[in-house]
Structures are given as structure tokens and as C-alpha cells.
Amino acid sequence: MEESNKFRGLLVAIEGIDGSGKTTLAKNLVNRLQDKGYKVHYTFEPTHSIIGKLLRELPDNYRSPLIETLLYAADRVHHYLSEIKAKIDKGYIVIVDRYIHSSIAYQGALGAPLQWIIEVNKHVPKPDLAFYIDVPVEVAIQRLEASRKKKTFYEKKELLRKVRRIYLKLVDKGELILLNGLEKPEEITRKAYDKILSFLRSRAK
Ligand code: TYD
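Residues numbered from 1 in each chain as written. Predicted model: local features only at pLDDT ≥ 70, side-chain atom pairs only at ≥ 80, totals over all residues. Heavy atoms only, no water.

Draft legend 1. Local environment of the confidence of the model for the protein chain. Residues of the protein chain with pLDDT of at least 70 account for 93%, and the chain-wide mean is 93. Across residues 1–5 the pLDDT falls below 50, and counting only partners more than four positions away or on other chains, this stretch makes 9 contacts in the model. (pLDDT = per-residue confidence, 0-100. Contact = heavy atoms within 4.5 Å.)

Written out as C-alpha cells, the structure is:
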């Protein structure tokens, strides 16, 4: 489709607490945009780079909100420079499953100062569009338990409550586009897809 070649690509971030349905939305958007003829690239953070691997395997005595902020930011800089930038330059719509706002919400909830998290992430471009799928923590936890993906602890619930609060503040500030995670996946996909298309149309003017 010729429209897909006319523009510099687009960076779309998908955000939400664990169990909110981010990955489902990201995959659905990829399929829908590809069906329409757009060039689309799906990617995620933490990545599978050595920094992403380090983040997943970091021993407890190395874990702290400050160290994790720096490592997530380092993983992101590498991700942008080695993968995202080239795709955007080639006109792709890049759908990234977690990006800068995950650091603000999670490392912020864990105690890192928000302004400092923003500061250490300021040399990677902000997403053109960032969606936040909102679900109550209890719903997310039930979904995670049903899929046996993650162990749930009391602390995890408390953490996710704080994470959600920060995400919702970012929605209020106009940085994130709110999607209701209790709606059907097709409905959530349709709303996000419509936003992406109207963003592309307004940019083409
Ligand atoms: P997630 O997308 O939930 O991965 P999976 O599909 O394997 O469940 O991300 C894993 C965790 O990484 C998640 O709990 C949030 C955390 N995270 C941060 O704390 N800060 C960040 O900047 C990023 C990108 C992720």
C-alpha cells in the first residue's frame, strides 16, 4: 500500500501492569496494520540483549530501584540504536511492548525519583503514541494466576497498585492514551488502531 511508504515510521508504545493484556494488544495491532499494508515491526523490553538478560538474572543483592533504572535505560538505549531507529528510518510502524513509561511507573513505584528516571531516559526519543491499558490490580492478578505466568505475593499486589497509580497520573498529564482493559480484546484493538490511523492522517496533512 503506497500510504505506508510516504512517512517516516512511527513509534507506538504499549503500557500496562503485568496481566493487563499488553502483549495481546500489541500482536493484534501488528496483524491489523499488516493486513492494511503497513510495514510493522513488533519488539519488547526488557530485550534479549545481554543487558536485558542481565536484568532478568540480576541477583537480589544487586537489585535496587536505582540500579534497575540505569540498566533498563541502558537496555533501551541499545534497543533504540540497534533496532528501533533503523526500522523507523525505513518507514516501519514500530510497536514496542513496554518502553520509557514502564521505567517511570515500575522503578518510580519501587522508589527511584521520577524526575531522575525521566532524565536518564531523555536521550532516547519519546514514543509518538503511547497506550496504557488499565485494569484493576485484582483482575490482573487473577489473570496471571489463571495463566500461571507469575507467582503472586502480597508485595506484588502492593507494588502493582503503586505502578497503576503512576500510570494513571501519566494519563492525566496527557502522556498516555487510556484504554479500558476490561473491554473485549477486539474492542481495545479497534480503539488503539483508530487512534494510530487518525494520528497518521493528521501528520500527513
Ligand atoms: P513484561 O512485559 O511483563 O514481560 P513478560 O511478558 O515476560 O511478563 O516485563 C517484565 C517485567 O519488567 C515487568 O514486571 C515490568 C518490568 N519492567 C520494569 O520494571 N521497568 C522497565 O523499564 C521495563 C521495560 C520493564
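Draft legend 2. Focus on the packing of helix 4 (residues 65–89) against helix 5 (residues 100–109). Two elements in contact, helix 4 and helix 5, have axes whose closest approach is 10 Å; the angle formed by their N-to-C orientations is 175°. Classed by the angle they form, the pair helix 4 and helix 5 counts as roughly antiparallel. Where helix 4 abuts helix 5, its residues Pro-65, Glu-68, Thr-69, Tyr-72 and Arg-76 lie against Ile-100, Ser-103 and Gln-107. Counted by class, the contact of helix 4 with helix 5 contains 3 nonpolar, 3 polar and 2 charged residues. (Axes fitted to C-alpha atoms, helices over the stretch in contact; angles between N-to-C directions. Helix = DSSP H or I, 4+ residues; strand = E, 2+ residues; numbered from the N terminus. Parallel < 35°, antiparallel > 145°, perpendicular 65-115°, else oblique. Nonpolar A, V, L, I, M, F, W, Y, C, P; charged D, E, K, R; others polar.)

Draft legend 3. Just the pattern of salt bridges, in detail. With the rule as written, the count across this model stands at 16 salt bridges. Where Arg-76 meets Glu-45, a salt bridge forms, and the shortest distance between an N and an O atom there is 2.7 Å. Of this pair, Arg-76 sits in helix 4 while Glu-45 sits in the loop between strand 2 (40–44) and helix 3 (50–57), and the two are 31 residues apart along the sequence. Each member of the pair, Arg-76 together with Glu-45, is buried. Among the ionic pairs, Glu-119 bridges to Lys-122, the shortest N-O distance being 3.1 Å. Using a relative accessible area of 43% as the deciding quantity, one classes Glu-119 as partly exposed. When salt bridges that share partners are traced, they join Glu-183, Glu-187, Arg-190, Lys-191 and Asp-194 into one network. (Salt bridge = Lys/Arg side-chain N within 4 Å of Asp/Glu carboxyl O. Buried < 20%, exposed > 50% of the residue type's maximum accessible area, 1.4 Å probe, protein only.)

Draft legend 4. Region of the structure containing helix 4. Along helix 4, the largest kink reaches about 45° and is centred on Tyr-80. Of all the residues in helix 4, the buried ones are Glu-68, Thr-69, Leu-71, Ala-73, Asp-75, Arg-76, His-79, Tyr-80, Ile-84 and Ile-88. Each element contacted by the buried residues of helix 4 is listed here: strand 1 (10–15), strand 2, helix 3, strand 3 (93–97), helix 5 and helix 6 (114–120). A positive backbone phi angle near 90° is found at Gly-91, which sits one or two residues after helix 4. (Bend = angle between axes of the 7 residues up to and from the residue.)

Draft legend 5. Structural detail: the sheet that holds strand 4 (residues 129–134). One open sheet holds the 5 strands; their spatial order is 2-3-1-4-5, and the pairing between them is parallel. In this open sheet, the two edge strands, each paired with only one partner strand, are strand 2 and strand 5 (177–180). Ignoring which end each strand starts from, the neighbouring axes of this sheet average 25° apart. Bridge count between strand 1 and strand 4: 4 bridges; the pairing is parallel. Each bridged residue has a counterpart across the sheet, and for Ala-13 the counterpart in strand 4 is Ala-130. (Pairing = 2+ DSSP bridges.)

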